[in-house]
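Geometric and topological summary
The chain contents come next:
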Amino acid sequence: MSIDRTIARLGRDRPLADVADAGIGTALAQLWGASAPATWNRNRAAITSWLTWCHTKKHWAAPSVPADAGRRKENADETRAVAKTTIHRLLSRRDLRERALWRMLYETAARAAEILALNVEDLDLEPRRAPVRFKGGAVEGATQCGTERNQARATFARLSQPQFADHQ
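All of the points below concern the structure found in this document.

**Overview of the environment of Lys-73**
For Lys-73, the position within the fold is in the loop between helix H3 (37-56) and helix H4 (84-91). Residue Lys-73 is classed as exposed on the basis of its relative accessible area of 74%. Counting along the chain gives 37 residues from Lys-73 to Ala-36, while the straight-line C-alpha distance between them is 9.9 Å.

Now the structure itself:
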């Protein structure tokens, strides 16, 4: 895909020998200049590999990726796992709603917004499922393993409103 987009940007009928290094740099900048560093680096690497293949395997005159179109620094993900004691503390809170919320988040691995959007009438307590609207709009049933007891008790307090709405 990267190669096809670059060829289209350079001109499909244009011989590779007629393309200067700066032309490759310009095409990269136009196509992926505003992209995230990981996207830029992935596409840059694909084009670099393709140009190297053209030159070494096919023995075609091919440009190179210019030095000013170098790799970009990617942000390292420093997300750490939550300590087991912290999870245990959240799952054993006194407030029933809080405990049910944290257990649903932990056991389903759903986003907080997805769980917070649940309404009481959405909950199906017998098979312990609830429809979750995922990012992008897809709807799937999320299973809540150990939540059913807490959820059933919390549900009786609310008949048709958001399950985790604040009391005011």
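That covers the picture; the talk isn't over yet.
**Re the packing of aromatic side chains**
Enumeration according to the criterion identifies one aromatic pair in this entry. Aromatic side chains Trp-53 and Trp-60 sit 6.3 Å apart centroid to centroid with 85° between the ring planes, which places their arrangement in the edge-to-face category. The class for Trp-53 is partly exposed, based on a relative accessible area of 40%.

**Structural notes on the packing of helix H1 (residues 2-10) against H3**
Two elements in contact, H1 and H3, have axes whose closest approach is 9 Å; the angle formed by their N-to-C orientations is 75°. The angle between H1 and H3 places the two elements in the roughly perpendicular class. For the pair formed by H1 and H3, the contact residues are Ser-2, Ile-3, Thr-6 and Ile-7 on the first element and Asn-43, Ala-46, Ile-47 and Trp-50 on the second. Across the contact of H1 with H3, the residue classes tally to five nonpolar, three polar and no charged.

Scoring rules and cut-offs
- Residues numbered from 1 in each chain as written.
- Predicted model: local features only at pLDDT ≥ 70, side-chain atom pairs only at ≥ 80, totals over all residues.
- Heavy atoms only, no water.
- Helix = DSSP H or I, 4+ residues; strand = E, 2+ residues; numbered from the N terminus.
- Buried < 20%, exposed > 50% of the residue type's maximum accessible area, 1.4 Å probe, protein only.
- Phe/Tyr/Trp six-rings, centres within 6.5 Å; stacked < 30°, edge-to-face > 60°.
- Axes fitted to C-alpha atoms, helices over the stretch in contact; angles between N-to-C directions.
- Parallel < 35°, antiparallel > 145°, perpendicular 65-115°, else oblique.
- Contact = heavy atoms within 4.5 Å.
- Nonpolar A, V, L, I, M, F, W, Y, C, P; charged D, E, K, R; others polar.

Function cannot be read off these values alone, since they describe shape.
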